Amino acid sequence: MIANADIKIEKTAHSRVGEYDVNNVPFGKCFSDHMFIAEYADGKWGKLTITPYRDVPMSYAMSALHYGQAIFEGMKAYKSESGEVSVFRPIDNFNRMNKSAIRMAMPEVPEEIFMGGLLELLKLDLAWVPTSETGSLYIRPFLIATDEAIGVKPSDTYKFVIITCPAGKYYSEPIKVLIETNYIRAVQGGVGFVKAAGNYGRSLYPTKLAQQKGYQQVIWTDGATHSYLEESGTMNLMFVIGNSVVTPALSDTILDGITRRSVLALARDWGMNVEERKISIQEILDAHAKGEIKEAFGVGTAATIAPIIGIGYKEDYMELPPVAERKFSNKVDETLRGIRKGKLEDKMGWMYKVK
Ligand SMILES: Cc1ncc(COP(=O)(O)O)c(C=O)c1O
């Protein structure tokens, strides 16, 4: 772990925390007092700083802006009733970040920089972690190519940055999703399995079209045949069909979600049957017609557990059972919240305490 002294810390002279009700702010718009920056140049990681959150001068020629050599992560810190702050599975995010870095020809971030920077940053901004039942501090680590150069090649310089913002519920209501059979999020051999910035920019137009039809999100289908379900927005997708929890198997077009991993671990711990496999649109249409779909929901850090109340496919609409009747996803939601807020025992060792 890097020593505190390795990071040059410039504390803010005026905390802005009193200007907000951190338990009641819109997602992703109000940033905490400080940020962490690590700089990479000449083949190695160098300067580490924590400064007040602020704009920084950058060149319009910066390579991340032109060719999308940019990756990111998303995780959350929670405050217990006794005021203790813990981060949910940050090492998993660290590992996934470096998987993304390798695929995007970027330098891997050393664990001591990722974790050391994160912990020092959180210690300064503890007051920004919400105390409400569904509140958390959203943590956004990202790595960007910073060469001032227009040639298409891996950058020689990079910045790894962590910023944070208080967050409440991402979706206020259960969502309706539209199965997308024209546009594609990810293809075999592409970058769908990593958190490359471009994956998200490309998703906005199809999502906008779905929203114009009254849906909140799309369900992406496989790029080759458009007949298998993959993910929904920034969430992995799950169903309870009969007595099984069913979710698309991981592949190079699906992000290996940490919430997905956690939900499946709980399901297995509770003795449920878990199936990670291909799910065709036809299977969902048939199961719905027979009344076998008990639950459908998206899982992800930002949205946590987002119940899906209806699924559109072409001109059809499948209405799903009321949220109150959904035993599994309601229990998972409560259990994850309990573990994160320190009310339930952390049997799996998922919480990383900020000391
Ligand atoms: C495309 C995509 N799928 C799934 C997820 C869920 O992953 P996690 O549970 O790690 O947040 C995310 C969010 O990170 C995502 O961007």
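Our structure is the block above this text.
My aim in this report is to walk through the structure given alongside it, one point at a time. (Residues numbered from 1 in each chain as written. Predicted model: local features only at pLDDT ≥ 70, side-chain atom pairs only at ≥ 80, totals over all residues. Heavy atoms only, no water.)

1. Quick look at the overall build of the protein
Here comes step 1: In terms of regular secondary structure, the protein is built from eight helices and 18 strands.
Here comes step 2: Relative to the globule expectation of 20 Å for 355 residues, the C-alpha radius of gyration of the protein, 21 Å, shows essentially globular dimensions.
Here comes step 3: Classification of the 355 residues of the protein by burial places 52% in the buried group.
Here comes step 4: Looking at the protein alone, contacts between residues at least 24 apart form 71% of all its contacts between residues at least 6 apart.
Here comes step 5: Working note: accessible area of the protein is about 16300 Å², and carbon and sulfur atoms make up 51% of it.
Here comes step 6: If you average the places of the 42 positive and of the 43 negative side-chain charges in the protein, the two averages end up 1 Å apart. (Helix = DSSP H or I, 4+ residues; strand = E, 2+ residues; numbered from the N terminus. Rg over C-alpha atoms; globule rule 2.2 N^0.38 Å. Buried < 20%, exposed > 50% of the residue type's maximum accessible area, 1.4 Å probe, protein only. Contact = heavy atoms within 4.5 Å. Areas by Shrake-Rupley, 256 points an atom, 1.4 Å probe, with all protein chains shown as cover. Lys, Arg positive; Asp, Glu negative; His and termini not counted. Charge placed at Lys NZ, Arg CZ, Asp CG, Glu CD.)

2. Focus: a nonpolar patch on the surface
Here comes step 1: Taken together, the side chains of Tyr-67, Ile-150 and Val-152 present a nonpolar region at the surface, about 320 Å² in accessible area.
Here comes step 2: Secondary-structure assignment places Ile-150 in the loop between strand E7 (136-145) and strand E8 (158-167). (Patch = residues over 30% accessible without salt bridge, like charges linked within 9 Å, V, L, I, M, F, W, Y side chains within 5 Å. Salt bridge = Lys/Arg side-chain N within 4 Å of Asp/Glu carboxyl O.)

3. Things to note about unusual backbone geometry
Here comes step 1: Phi at Asp-42 takes a positive value of approximately 50°, unusual for a residue other than glycine.
Here comes step 2: For Arg-89, which is not a glycine, the phi torsion comes out positive at approximately 50°.
Here comes step 3: Tracing the sequence through the fold places Arg-89 in the loop between strand E6 (85-88) and helix H2 (90-103).

4. Side note on the pairing of strand E10 (residues 217-221)
Two faces make up the sheet, and in a regular strand the side chains alternate between them.
Here comes step 1: Most of E10 is tucked away: five of the five residues are buried.
Here comes step 2: In terms of strand pairing, strand E9 (residues 175-179) meets E10 through three bridges, oriented parallel. Each bridged residue has a counterpart across the sheet, and for Leu-178 the counterpart in E10 is Val-218.
Here comes step 3: Pairing of E10 with strand E11 (residues 229-232) involves two bridges; the strand directions are antiparallel. Each residue of the ladder has a partner; that of Thr-221, found in E11, is Leu-229. (Pairing = 2+ DSSP bridges.)

5. Considerations on the packing of aromatic side chains
Here comes step 1: Scanning the model with the defined rule gives 16 aromatic pairs in all.
Here comes step 2: Between the aromatic rings of Tyr-20 and Trp-128, the centroid separation amounts to 5.7 Å while the plane-to-plane angle is 50°, which identifies the pairing as tilted. Of the two residues, Tyr-20 is situated in the loop between strand E1 (8-9) and strand E2 (34-41) and Trp-128 in the loop between helix H3 (111-124) and E7; the sequence distance between them amounts to 108 residues.
Here comes step 3: When the centroid spacing of 5.8 Å and the interplanar angle of 85° are considered together, the rings of Tyr-183 and Tyr-205 count as edge-to-face. Of the two residues, Tyr-183 sits in the loop between E9 and helix H4 (197-201) while Tyr-205 sits in helix H5 (residues 204-212), which places them 22 residues apart along the sequence.
Here comes step 4: A relative accessible area of 30% places Tyr-183 in the partly exposed class.
Here comes step 5: Grouping aromatic residues by their ring pairs yields a cluster made of Phe-27, Tyr-138, Tyr-170 and Tyr-171.
Here comes step 6: Of note, Lys-331 hangs over the ring of Trp-270, and the distance from its end group to the ring centre comes to 4.0 Å.
Here comes step 7: Positioned above the aromatic ring of Phe-88 is the side chain of Arg-340, whose terminal nitrogen or guanidinium carbon lies 4.1 Å from the ring centre. (Phe/Tyr/Trp six-rings, centres within 6.5 Å; stacked < 30°, edge-to-face > 60°. Lys NZ or Arg CZ within 6 Å of the ring centre and 35° of its normal.)

6. Examining the packing of helix H6 (residues 258-269) against helix H8 (residues 327-340)
Here comes step 1: Close contact between H6 and H8 brings their axes to 11 Å; oriented N to C, the two are set at 110°. The orientation of H6 with respect to H8, classified from their angle, is roughly perpendicular. Between H6 and H8, the contacting residues are Thr-259, Ser-262, Val-263, Leu-266 and Ala-267 on the first element and Phe-328, Val-332, Thr-335 and Leu-336 on the second.
Here comes step 2: Split by residue class, the contact of H6 with H8 holds six nonpolar, three polar and no charged. (Axes fitted to C-alpha atoms, helices over the stretch in contact; angles between N-to-C directions. Parallel < 35°, antiparallel > 145°, perpendicular 65-115°, else oblique. Nonpolar A, V, L, I, M, F, W, Y, C, P; charged D, E, K, R; others polar.)

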